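# Understanding the architecture of this molecule
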Amino acid sequence: MSTPSMPPSRYLEATPEYGQPLTEAPGLVRVVARNPGPMTYHGTNTWLIEAEHGWIVVDPGPEDPHHQQAVLDACAGKIHTILVTHSHHDHEAGAQSLARLAEAPLYGGSHGQNPDTLILPGISLVRTPGHTMDHVCVDAGDGRLLSGDHIMGWSTSVILRAPHGSMSAYLASLKETRARNDRTLFSAHGPPITEPESFISGLLKSRLNKIAQTLSALTPAPQPENQLLATLYRNLPQNLSRAAAEMLGSMLEELEARGEAIHEGAGWRRK
Ligand SMILES: [Zn+2]
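Not measured: the values here are computed from a predicted model. (Residues numbered from 1 in each chain as written. Predicted model: local features only at pLDDT ≥ 70, side-chain atom pairs only at ≥ 80, totals over all residues. Heavy atoms only, no water.)

Put simply, Ala-162 and Pro-163 share a cis peptide bond, and its omega is 5 degrees. With respect to the helices and strands, Pro-163 occurs in the loop between β9 (144-148) and α4 (167-179). Even without being glycine, Ala-76 reaches a positive phi, approximately 50 degrees. Positive phi values are uncommon outside glycine, yet Asp-142 reaches one of about 60 degrees. (Helix = DSSP H or I, 4+ residues; strand = E, 2+ residues; numbered from the N terminus.)

What follows is about the pattern of salt bridges. Summed over the entire model, instances satisfying the criterion amount to eleven salt bridges. With a closest N to O distance of 3.0 Å, Glu-225 and Arg-161 form a salt bridge. Pair noted here: Glu-225 is in helix α6 (residues 225-232) and Arg-161 is in the loop between β9 and α4, with a separation of 64 residues, a long-range link. Residue classification places Arg-161 among the partly exposed positions, given a relative accessible area of 22%. (Salt bridge = Lys/Arg side-chain N within 4 Å of Asp/Glu carboxyl O. Buried < 20%, exposed > 50% of the residue type's maximum accessible area, 1.4 Å probe, protein only.)

Another aspect to go through is the packing of aromatic side chains. For the structure on display, the rule yields three aromatic pairs. Aromatic side chains Tyr-41 and Trp-154 sit 4.8 Å apart centroid to centroid with 10 degrees between the ring planes, which places their arrangement in the stacked category. With Tyr-41 in the loop between β2 (28-32) and β3 (45-51) and Trp-154 in the loop between β9 and α4, the pair connects residues that are 113 residues apart, well separated along the chain. The buried category is assigned to Tyr-41, whose relative accessible area is 15%. (Phe/Tyr/Trp six-rings, centres within 6.5 Å; stacked < 30°, edge-to-face > 60°.)

Moving on: the sheet that holds strand β12 (residues 261-264). Read from one edge to the other, the open sheet built from three strands follows the order β11-β13-β12, with strand pairing classed as antiparallel. Both outer strands of the open sheet, β11 (223-224) and β12, are each paired with one neighbouring strand and no more. Of the pairings in the sheet, the one linking β11 to strand β13 (residues 267-270) comprises two bridges and is antiparallel in character. Looking across to β13, one finds that Pro-224 is bridged to Gly-267. (Pairing = 2+ DSSP bridges.)

This part takes up the pairing of strand β8 (residues 136-139). Side chains Val-136 and Val-138 of β8 all project onto a buried face; the interleaved residues Cys-137 and Asp-139 project onto the opposite face, where all are buried too. Bridge analysis of strand β7 (residues 124-127) against β8 gives four bridges, and the strand direction is antiparallel. Paired with Val-126 across the bridge in β8 is Cys-137. The pairing of β8 with β9 spans two bridges and is classified as antiparallel. Bridging across to β9, Val-138 finds its partner in Leu-146. What sits between the antiparallel neighbours β8 and β9 is a turn of four residues, in which Gly-141 has the positive phi angle 80 degrees.

Read these as layout, nothing more, since geometry by itself doesn't imply function.
Below, the structure is given as structure tokens:
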């Protein structure tokens with residue numbers, strides 16, 4: 001008798017080989033940058049999509065000449081377009097210099113052209129605000145979605161507080177992404193997500209639980225955010241304290257938008 005296998009709640013992997021082209025699907029290659037850290041896992045995945053007139057490079061990653069050379073080599077110098085999923089350093093710091101080296105146009109992020117104006121056969125962009133307001137995912141066709149930092153297998157995405165991010169936009173983007181029924185998500189950090197629907201449902205559930213916990217930590221008298229932070233994120237490592245503060249901020253803003261929390265004086269209280 002066999003029991004049905006449970007879909008994974010996290011997708012982890014051993015440290016991939018840095019600077020080597022790793023083919024993850026036909027015409028879809030990643031080169032992992034050597035920028036590991038508490039927010040980047042083993043490093044940024046720079047995705048290369050093989051297209052008719054050259055490669056589409058998604059998230060060039062950090063400003064690192066070795067990584068750029070590895071990307072150029074993997075594309076045999078034929079880069080058609082460079083795309084950035086969102087304006088975070090680990091995704092776009094090396095974008096402008098790669099665009100110059102490859103003589104290719106750059107779209108998205110803080111330095112690229114408006115991604116809404118990009119027209120490429122077989123590829124389309126999906127706006128997924130939340131983690132940041134400018135976040136886009138890349139539909140590479142055939143049920144494959146490059147999900148950037150919107151959905152990652154190794155860790156939940158940090159949702160920045162306004163104006164940079166938005167919890168309510170993130171929850172809506174998650175639902176929209178789930179409804180797409182993609183076969184595989186290829187994120188900017190970590191291995192591919194092979195069961196998107198159940199994985200996204202798990203993300204939604206844990207996020208809504210955390211928002212409910214945040215609500216139950218609120219009292220009739222206002223509490224400062226650092227007090228709420230200590231209640232909701234116990235034993236937090238120092239290097240994650242800023243991320244947790246952003247997360248708490250975006251959850252409080254979500255509760256405020258729902259009419260369940262009020263920002264008063266230097267703190268927050270239950271409505
Ligand atoms: Zn990011």
